[in-house]
Amino acid sequence: MGTIVLSGTVVLVILGFGNHNWWLAAVALLFLYVHYGRGSSSASSSGGAPGAGGGTPDAYRTYRDRRDRQARWERRYRRERPLQFRRQERTKGS
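Here is what the cut-offs are and how they apply
- Residues numbered from 1 in each chain as written.
- Predicted model: local features only at pLDDT ≥ 70, side-chain atom pairs only at ≥ 80, totals over all residues.
- Heavy atoms only, no water.
- Helix = DSSP H or I, 4+ residues; strand = E, 2+ residues; numbered from the N terminus.
- Buried < 20%, exposed > 50% of the residue type's maximum accessible area, 1.4 Å probe, protein only.
- Contact = heavy atoms within 4.5 Å.
- Areas by Shrake-Rupley, 256 points an atom, 1.4 Å probe, with all protein chains shown as cover.
- Axes fitted to C-alpha atoms, helices over the stretch in contact; angles between N-to-C directions.
- Parallel < 35°, antiparallel > 145°, perpendicular 65-115°, else oblique.
- Nonpolar A, V, L, I, M, F, W, Y, C, P; charged D, E, K, R; others polar.

> Mind showing me how you'd approach the overall build of the chain here?
Scanning the chain for helices and strands turns up 5 helices and 0 strands. Counting helices and strands in the order they occur from the N terminus, the chain gives α-α-α-α-α. Scored against the burial criterion, the 94 residues of the chain give a buried share of 9%. Restricting to contacts in the chain with at least 6 residues of sequence separation, those with at least 24 account for 19%. Of the accessible surface of the chain, which amounts to about 7900 Å², a share of 60% is contributed by carbon and sulfur atoms.

> Can you help me understand the packing of helix 4 (residues 57-80) against helix 5 (residues 82-93) in this one?
Axes are the key here: two packed helices are described by the angle between their axes and the distance separating the axes. At their nearest, the axes of helix 4 and helix 5 sit 5 Å apart, and the two run at 110 degrees to each other. Accordingly, the angle class assigned to the pair helix 4 and helix 5 is roughly perpendicular. Residues Tyr77, Arg78, Arg79 and Glu80 of helix 4 pack against Pro82, Gln84, Phe85 and Gln88 of helix 5. In terms of residue class, the contact of helix 4 with helix 5 is made up of 3 nonpolar, 2 polar and 3 charged.

> Can you walk me through the side chain of Thr9 in this structure?
Looking at where Thr9 falls in the secondary structure, it is placed in helix 1 (residues 2-15). Thr9 gets classed as buried once you look at its relative accessible area, which sits at 9%. If near-sequence neighbours (up to four positions away) are discounted, Thr9 is found in contact with Ala26, Leu29 and Leu30.

The following block contains the structure:
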């Protein structure tokens, strides 16, 4: 979405050479994007764990969601197909 906003801003700046109101529209577009478009990442970083360090909390949250989803699928597979799961574990151990 950032590239769309930046390319729209460039178009508005180019149009602004003929009519300066387009420059105001470009500034307003950038303001709205920074304030609302990226607001979720800045809000989550300020509300994150106090000892989180310099890492990005959204990246870790995405990783954790993916890991939890994979674990749920594996538990479901073990529950629904116990024979196939035991066979896979046996061949994996050899």
